Amino acid sequence: MKSYLTGLVAAAALTVAALSPVAAQQSGRIIVVTHGQANDPFWSVVKNGVSEAGKDMNVQVDYRAPETFDMVAMSQLIDAAVNQKPAGLVVSIPDASALSASIQKAVAAGIPVISMNSGSDVSKKLGAMLHVGQDEIEAGRIAGAKLKEMGGKTGLCVNQEVGNVSLDLRCKGFSEGFGGKVTVLPVSNDPTDIRAKVKAALAADGSVDTILALGAGTAGEPSVAAVKDAGKTGAVRVATFDMSAGFLKSIAAGEAAFAIDQQQFLQGYLPVTFLALNAKYGLMPGGNVPSGPNLITKEKANQVIDLSAKGIR
């Protein structure tokens with residue numbers, strides 16, 4: 001009789017586990033799909049945050065991204081992730097119109113979704129539980145206002161991914177906060193191409209006194225080099241979104257103005273942590289989590305150079 005009752009209890013426990021979404025998801029993995037490649041200096045830090053959270057929460061995490069900025073490929077990666085029925089899905093949303101169907105498919109399948117980095121304006125509408133990142137247009141305004149305060153009147157916004165809504169919003173915010181003339185300079189992700197195009201832009205318009213790059217390692221460092229090539233160090237202020245050890249050294253040396261830190265390590269770390277806690281305990285923060293912006297000026301640069309070199313800041 002005792003073994004029969006024990007068997008009934010075990011069977012009942014298995015039934016409850018099968019019916020409980022939280023219990024069913026505990027053994028599943030968390031999948032992260034972003035538009036940025038892990039070998040990009042910025043996204044390598046995001047991936048480090050993802051990996052660290054996986055270790056700390058003792059969950060399996062997969063990081064996936066298209067080989068280039070490709071929304072069709074990214075939507076296919078999200079669809080493939082949904083088919084694997086993970087315990088949670090983390091996505092960046094650089095183009096809501098291209099990715100909404102895939103994200104909503106995940107939500108409809110009962111998969112908890114958290115957006116990160118880009119898409120704060122559409123995240124809730126698409127069914128994500130929350131967003132971890134910064135308000136891009138507001139960050140652009142803050143940068144623009146600071147550069148105006150520093151005496152800037154004619155600016156370039158160096159955009160390495162025109163069509164990425166988040167980067168376009170950064171340029172828009174910069175223009176609004178700056179108040180002066182701002183020209184968007186479309187470039188590729190190739191540092192050599194960026195350096196050449198920024199140098200050409202400076203030669204074409206001698207009134208340019210301000211440059212805002214939209215990525216430190218990709219566009220910020222080549223912009224600093226282009227200003228040096230043009231012999232305008234000190235006359236042209238260079239600031240950037242995000243951080244790299246090289247750009248931080250330029251700030252510390254007085255060759256660049258500041259970097260806008262959105263703490264992308266947190267953008268990788270927190271969503272994985274939240275989804276792991278949700279799968280285990282049903283816990284979830286009640287709203288979006290702002291990871292930035294923070295302005296890193298000369299006074300602060302030396303404090304974060306080592307952490308940036310280690311892939312944390």
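Residues numbered from 1 in each chain as written. Predicted model: local features only at pLDDT ≥ 70, side-chain atom pairs only at ≥ 80, totals over all residues. Heavy atoms only, no water.

A closer look at the confidence of the model for the protein chain
Here is step 1 of the chain: Mean pLDDT for the protein chain: 90, with 91% of residues reaching 70 or above.
Here is step 2 of the chain: Note that pLDDT drops below 50 for residues 1-27; the model gives that stretch 13 contacts with residues more than four away or on any other chain. (pLDDT = per-residue confidence, 0-100. Contact = heavy atoms within 4.5 Å.)

Section: unusual backbone geometry
Here is step 1 of the chain: Cis rather than trans, the peptide bond between G292 and P293 has omega equal to 10 degrees.
Here is step 2 of the chain: Its location among the elements puts P293 in the loop between β11 (289-290) and β12 (294-296).
Here is step 3 of the chain: Positive phi, normally seen in glycine, also occurs at K85, with a value near 50 degrees.
Here is step 4 of the chain: The residue K85 is located in the loop between α4 (71-83) and β3 (88-91) in this model.
Here is step 5 of the chain: The exposure class of K85 is exposed, given its relative accessible area of 67%.
Here is step 6 of the chain: Of note, the phi angle at N117 is positive, near 70 degrees, even though the residue is not glycine. (Helix = DSSP H or I, 4+ residues; strand = E, 2+ residues; numbered from the N terminus. Buried < 20%, exposed > 50% of the residue type's maximum accessible area, 1.4 Å probe, protein only.)

As for the environment of A200
Here is step 1 of the chain: Inspection of the secondary structure assignment puts A200 in helix α8 (residues 191-204).
Here is step 2 of the chain: A relative accessible area of 44% means that A200 is categorised as partly exposed.
Here is step 3 of the chain: For A200 and A226, which are 26 residues apart along the polypeptide, the C-alpha to C-alpha distance reads 8.7 Å.

Digging into the nonpolar core
Here is step 1 of the chain: If you look at the biggest cluster of nonpolar residues, it comprises 28 residues, and the most contacted ones within it are V158, V198, L202, I211, F247, L248 and I251.
Here is step 2 of the chain: Looking at this core, the elements with two or more residues in it are β6 (154-159), α8, β8 (210-213), α9 (216-229), α10 (245-252) and α12 (298-309).
Here is step 3 of the chain: No other element matches α9, which puts five residues into this core.
Here is step 4 of the chain: Contacts of L248, omitting those with residues within four sequence positions, involve M243, I296, A301, V304, I305 and S308.
Here is step 5 of the chain: Counting residues in each nonpolar core, the second largest holds 21 residues, with L130, F265, Y269 and L270 among its members. (Core = buried A, V, L, I, M, F, W, Y, C linked by side-chain atoms within 4.5 Å.)

Quick look at the packing of helix α3 (residues 41-57) against helix α11 (residues 264-281)
Here is step 1 of the chain: Their axes nearest at 7 Å, the elements α3 and α11 cross at an angle of 30 degrees. Judged on the interaxial angle alone, α11 and α3 are roughly parallel. Note that α3 runs across α11; the crossing there is right-handed. Residues F42, V45, V46, N48, G49, V50, E52, A53, G54, D56 and M57 of α3 form the contact with α11, whose own contacting residues are Q264, F265, Q267, G268, Y269, V272, T273, A276 and L277.
Here is step 2 of the chain: Grouping the constituent residues of the contact of α3 with α11 by class yields 11 nonpolar, seven polar and two charged. (Axes fitted to C-alpha atoms, helices over the stretch in contact; angles between N-to-C directions. Parallel < 35°, antiparallel > 145°, perpendicular 65-115°, else oblique. Left-handed = near helix turned anticlockwise from the far one by under 90°. Nonpolar A, V, L, I, M, F, W, Y, C, P; charged D, E, K, R; others polar.)

As for the pairing of β3
Here is step 1 of the chain: Burial along β3 is two-sided: G88 and V90 facing one way and L89 and V91 facing the other are all buried.
Here is step 2 of the chain: Bridge count for strand β1 (residues 30-33) against β3 is four bridges, and the pairing is parallel. Each bridged residue has a counterpart across the sheet, and for V33 the counterpart in β3 is V91.
Here is step 3 of the chain: Inspection of the sheet shows β3 paired to strand β4 (residues 113-117) by three bridges, in the parallel sense. Its bridge partner lying in β4, L89 is registered against V113.
Here is step 4 of the chain: In this region the chain leaves β3, passes through helix α5 (residues 96-108) and returns to the parallel neighbour β4; the handedness of that crossover is right-handed. (Pairing = 2+ DSSP bridges. Right-handed = clockwise from strand over helix to strand, strands pointing away.)

A look at helix α6 (residues 136-149)
Here is step 1 of the chain: For α6, spanning 14 residues, the distance from its first C-alpha to its last is 20 Å, which sits close to the expected 20 Å at 1.5 Å a residue.
Here is step 2 of the chain: Buried within α6 we find E136, I137, A139, G140, A143, G144 and L147. Seen end-on, α6 carries its buried residues on one side only, within an arc spanning 155 degrees.
Here is step 3 of the chain: Packing partners of the buried residues in α6 comprise β4, α7 (165-178), β8, β9 (237-241) and β10 (258-261).
Here is step 4 of the chain: Put simply, D135 is the residue that caps the front of α6, since its side-chain oxygen is 3.3 Å from the backbone nitrogen of I137. (Expected span 1.5 Å × (residues − 1). Arc of directions from axis to C-beta. Polar contact = N/O pair within 3.5 Å; in protein donor to acceptor, adjacent residues only side chain to side chain.)

So, the packing of aromatic side chains
How two aromatic rings sit relative to each other is set out by the distance from centre to centre and by the angle between their planes.
Here is step 1 of the chain: Applying the stated criterion to the full structure yields three aromatic pairs.
Here is step 2 of the chain: Residues F42 and W43 carry aromatic rings whose centres are separated by 5.2 Å and whose planes lie at 75 degrees to one another, so their mutual orientation is edge-to-face. For the pair F42 and W43, a shared accessibility class is recorded, and that class is buried.
Here is step 3 of the chain: Judged by centre distance (5.2 Å) and plane angle (40 degrees), the ring pair of F174 and F178 falls under tilted. Taken together, the residues span about one helical turn, with F174 and F178 both in helix α7 at a distance of four residues. (Phe/Tyr/Trp six-rings, centres within 6.5 Å; stacked < 30°, edge-to-face > 60°.)

Notes on α9
Here is step 1 of the chain: In this model, α9 (14 residues) spans 18 Å end to end at C-alpha, consistent with the 20 Å of a helix rising 1.5 Å per residue.
Here is step 2 of the chain: Extensive coverage of α9 is indicated by the burial of 10 of its 14 residues.
Here is step 3 of the chain: Restricting attention to buried positions, one finds in α9 the residues A216, T218, A219, G220, P222, S223, V224, A225, A226 and V227.
Here is step 4 of the chain: The elements touched by buried residues of α9 are β6, α8, β8, β9 and α10.
Here is step 5 of the chain: Following α9 by one or two positions, G231 has its phi on the positive side, about 70 degrees.

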